[in-house]
Amino acid sequence: MRVLTTIAEVRASVQAYRRQGLSITLVPTMGYLHEGHLALVKRAGNIAERTIVSIFVNPTQFGEESDLETYPKDPERDLALLQPLGVDGVFMPSANEIYGTDNSTIVDVTALSSILQGTVRPGHFQGVATVVAKLLNIVQPDTAIFGEKDYQQLTLIKRMVADLNMTTQIVGHPTVRDTDGMALSSRNVRLTPEDRRAATILFQALQAGKQAAEAGDAVETMHQIVTDTIRQQARATIRSIDIRDAETLSPVVGHPNKPVVILLSVQFGEVLLIDQMIV
Ligand code: AMP
């Protein structure tokens, strides 16, 4: 496993793989890896002959500097977790390597960046789209794997790749959960023990929504059931609950005839958690 810090090193590795006719997949992350990330890396091993994992805490997707500064980091542990998984290269660039000093291009997937999470995190999805476009251009992988947990991000990246005629195929991977149903996230370590226990309400609410969908309820009823479930937990502050078309994220009313996605954004103490389920 090679640790790569410059774009030139990545390009040299990729060129060597290409000369041997090997397929390449990219798993972009912000580090502080957990089993959710590792599931994406294991999936990568099944779909391509060479796996590159990127670890880059992208400053342009953070609204508040404090959130960026407190984002957990442990690069040595990350490398130790990746080593046994057959990863070929780990790209760990500096912010300067990615953005230089005069970067002035921003990628904005306009229809998807300003809705849902985009309304509460202005600039976030422009930061995500820009860094993912850069990573895809640097590595030029055949496939890139993203978690369904960040569902709006996954949808937006698929749209960007289609709109910009990029050749990488985007693969979505189901959300990996703890035994109590809690979606694994690097942010979970910032929850107090009480909030961590309370936060299992998110999975319970998603399951209640799924049951309602399976019983043939309208989205308005599903929304009410999900909301009522989360309101039972006094530690939870609901930021948003949305039920949208799972492919386009456009609003849905009445009885859906296509898959929908339930999107939750709920605050516990200082920590904003998101979760989703396709039903
Ligand atoms: P992050 O480091 O938070 O940017 O996440 C890197 C990638 O891992 C993104 O594509 C996330 O959607 C994905 N990811 C994070 N948590 C999970 C999880 N619990 N299950 C599946 N994928 C995840």
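In case you missed it, the structure is sitting above this.
Residues numbered from 1 in each chain as written. Predicted model: local features only at pLDDT ≥ 70, side-chain atom pairs only at ≥ 80, totals over all residues. Heavy atoms only, no water.

Novice: Tell me about the packing of aromatic side chains, and please be specific about residues and values.
Specialist: Across all of its chains, the model carries two aromatic pairs by this definition. Both rings, one in phenylalanine 56 and one in tyrosine 99, keep their centres 6.4 Å apart while their planes meet at 40°; by these two values the pair is tilted. Of this pair, phenylalanine 56 sits in the loop between strand 3 (50–55) and helix 3 (65–69) while tyrosine 99 is found in helix 5 (residues 95–99), placing the two residues 43 residues apart along the sequence. According to the relative accessible area criterion, phenylalanine 56 is buried, its value standing at 7%. Owing to a relative accessible area of 11%, tyrosine 99 belongs among the buried residues under this scheme. (Phe/Tyr/Trp six-rings, centres within 6.5 Å; stacked < 30°, edge-to-face > 60°. Helix = DSSP H or I, 4+ residues; strand = E, 2+ residues; numbered from the N terminus. Buried < 20%, exposed > 50% of the residue type's maximum accessible area, 1.4 Å probe, protein only.)

Novice: Before we move on, could you go through the site of the ligand and cite the residues and values that matter?
Specialist: Among the 17 residues in the neighbourhood of the ligand, the closest are listed as Met30, Gly147, Asp150, Val176 and Leu184. Within the backbone of glycine 147, an N or O atom sits 2.9 Å from an oxygen atom of the ligand. A distance of 2.8 Å separates a nitrogen atom of the ligand from a polar backbone atom of leucine 184. Calculation on the ligand without its partners gives an accessible area of 480 Å², and the protein chains cover 93% of this total. Contributions of two or more residues to the shell around the ligand are made by strand 2 (24–29), helix 2 (35–47) and strand 5 (143–147). Sorting elements by how many residues they give to the shell around the ligand places helix 2 first, with three residues. Taken together, the residues that form the shell around the ligand break down as eight nonpolar, seven polar and two charged. (Near = heavy atom within 4 Å. Polar contact = N/O pair within 3.5 Å; in protein donor to acceptor, adjacent residues only side chain to side chain. Areas by Shrake-Rupley, 256 points an atom, 1.4 Å probe, with all protein chains shown as cover. Nonpolar A, V, L, I, M, F, W, Y, C, P; charged D, E, K, R; others polar.)

Novice: Now, about the pairing of strand 6 (residues 169–173): what can you tell me, with residues and values included?
Specialist: As paired elements, strand 5 and strand 6 share five bridges and run parallel to each other. Note that in strand 6 the partner of threonine 143 across the bridge is glutamine 169. Following the chain from strand 5 across helix 9 (residues 151–163) to the adjacent parallel strand 6, one finds a crossover that is right-handed. (Pairing = 2+ DSSP bridges. Right-handed = clockwise from strand over helix to strand, strands pointing away.)

Novice: Lay out the packing of helix 11 (residues 201–214) against helix 12 (residues 219–231) in plain terms, naming residues and giving numbers.
Specialist: Here helix 11 crosses helix 12 at 155°, and the two axes come no closer than 8 Å. Here helix 11 lies roughly antiparallel to helix 12, going by the angle between them. At the point where helix 11 passes helix 12, the crossing takes the right-handed sense. Along its contact with helix 11, which presents Ile201, Leu202, Gln204, Ala205, Ala208, Gly209, Ala212 and Ala213, the element helix 12 presents Met222, Ile225, Val226, Thr229 and Ile230. Class assignment for the residues of the contact of helix 11 with helix 12 results in 10 nonpolar, three polar and no charged. (Axes fitted to C-alpha atoms, helices over the stretch in contact; angles between N-to-C directions. Parallel < 35°, antiparallel > 145°, perpendicular 65-115°, else oblique. Left-handed = near helix turned anticlockwise from the far one by under 90°. Contact = heavy atoms within 4.5 Å.)

Novice: Before we move on, could you go through the pairing of strand 8 (residues 260–268) and cite the residues and values that matter?
Specialist: Counting buried residues along strand 8, nine of its nine residues qualify, which places the element largely inside the surrounding structure. A two-sided burial pattern is seen for strand 8, the buried positions comprising Val260, Ile262, Leu264, Val266 and Phe268 on one face and Val261, Leu263, Ser265 and Gln267 on the other. With nine bridges joining them, strand 7 (residues 236–245) and strand 8 adopt antiparallel strand pairing. Within strand 8, the position partnered with aspartate 242 by the bridge is leucine 263. When strand 8 meets strand 9 (residues 271–278), the two strands line up antiparallel, connected through eight bridges.

Novice: With reference to specific residues and values, describe the nonpolar core.
Specialist: Judged by nonpolar contacts, the single largest core of 41 residues is most densely connected at Phe91, Leu136 and Met160. Those elements that place two or more of their residues in this core are helix 1 (7–19), strand 2, helix 5, helix 8 (124–139), strand 5, helix 9 and strand 8. If one sorts the elements of this core by residue count, helix 8 sits on top with 10 residues. With residues near it in sequence (within four places) discarded, methionine 160 still touches Val107, Val109, Ala129, Val132, Ala133, Leu136 and Met166. (Core = buried A, V, L, I, M, F, W, Y, C linked by side-chain atoms within 4.5 Å.)

Novice: Tell me about the sheet that holds strand 4 (residues 89–91), residues and numbers included.
Specialist: The strand order across the open sheet built from six strands is 1-4-3-2-5-6, with neighbouring strands paired in parallel fashion. Because the sheet does not close on itself, it has two edges, and the strands there are strand 1 (2–4) and strand 6. Ignoring strand direction, the axes of neighbouring strands in this sheet form an average angle of 25°. Where strand 3 and strand 4 come together, three bridges link them in parallel fashion. Bridging from a neighbouring strand, serine 54 pairs with phenylalanine 91 of strand 4. Most of the contacts of helix 4 (residues 75–82) go to strand 3, to which it runs at about 165°, and overall it touches strand 1, strand 3 and strand 4.

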